[in-house]
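Residues per chain, in single letters:
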Amino acid sequence: MGLTTRLALARTLVWTGLQNEPKTLAERVRQLCSQRADLIVISQPDAIGDDLLIGYRAARQAADGRAILGIRADARLAARSTADLVVSDAGTRIAPGHPHGLVMAVAEGTQAARQALADARVDAVVLPAGAVTEAARLAPPADPGSKPWFAAVDSVSSGRTVVEAGARRLAFPLPGETGVRAYRQLLDAAWRDEMEQVSLAAFAKR
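Let me sum up the structure you'll find in this document. Residue positions within a chain follow its written sequence, with the count starting from 1. Per-residue local features are limited, in this predicted model, to residues with pLDDT of at least 70; the limit for side-chain atom pairs, both in listing and counting, is 80 or more; totals at the level of whole chains, interfaces and linings are taken over all residues. Each side-chain value is derived from all of the structure's non-hydrogen atoms; neither hydrogens nor water enter the calculation.

## Things to note about the overall build of the protein chain
The condition is simple: Think of it this way: any DSSP run of H or I at least four residues long counts as a helix, any run of E at least two long counts as a strand, and we number them from the N terminus. Here the globule rule is a power law, 2.2 Å times the number of residues to the power 0.38, and the radius of gyration is based on C-alpha atoms. Throughout this description, buried means an accessible area under 20% of the type-specific maximum (1.4 Å probe, protein chains only), exposed means over 50%, and partly exposed covers the range between.
Looking only at helices and strands, the protein chain features nine helices and eight strands. For 206 residues, the compact-globule estimate of 2.2 N^0.38 gives 17 Å, and the protein chain sits close to it at 16 Å. Each of the three principal axes of the protein chain carries a C-alpha extent, and together these read 45 × 35 × 35 Å. For the protein chain, with 206 residues in total, the buried portion stands at 50%.

Printed below as a string of structure tokens:
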């Protein structure tokens, strides 16, 4: 299954830092994959030297293709990473990690979200809770032609709020005891009742 198809079918994105060492990060990624995280993005703004690349490589081996693994990086580092998904701030130059790689923009507000959703160079968007209503209007999640977007949340409770507002994909930090499963459960009914056409269209394109 290609990356674009897997992105269209994705419901959950988990942010993780580098952890204490690559071995710990790799174990964390294995756990997230076993919990059915769809996208895992390594983000460490204060990373030194090649630490982010070293961590990404350890995580990629641990993921073993079970999740789309991404890295939040600038264009220079992205080119060296060969990552399947490169994430950067909306409005900045984002280059894919390889010719078939995906690009994701993180929008900090409604205007940035609007621009990222309209940017043909961007494959997916992470946007704040305050932009969900506008995003649902501009790119209805149940429309197979809409660009995938993820609402950024920090708890299951806030996830419930944005799902009620129209979000059908969630981005969140490393979950606690509830794990990824609790976030997926928030989305189950909506995907069963509303997102069938998205799933059918994604499989048709693979």
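## Remarks on the pairing of strand 3 (residues 68-72)
The line we're drawing: With the strands pointing away from the viewer, any crossover whose connection runs clockwise from the first strand over the helix to the second is right-handed. Any two strands with at least two DSSP bridges between them are considered paired.
When you tally the buried positions in strand 3, you get four out of five residues, the bulk of the element. Handedness of the crossover joining strand 2 (residues 39-42) and strand 3 through helix 3 (residues 51-63) is recorded here as right-handed. Where strand 3 lies against strand 4 (residues 85-89), three bridges are found, and the strand directions are parallel. Bridge pairing in strand 4 places G70 opposite L85.

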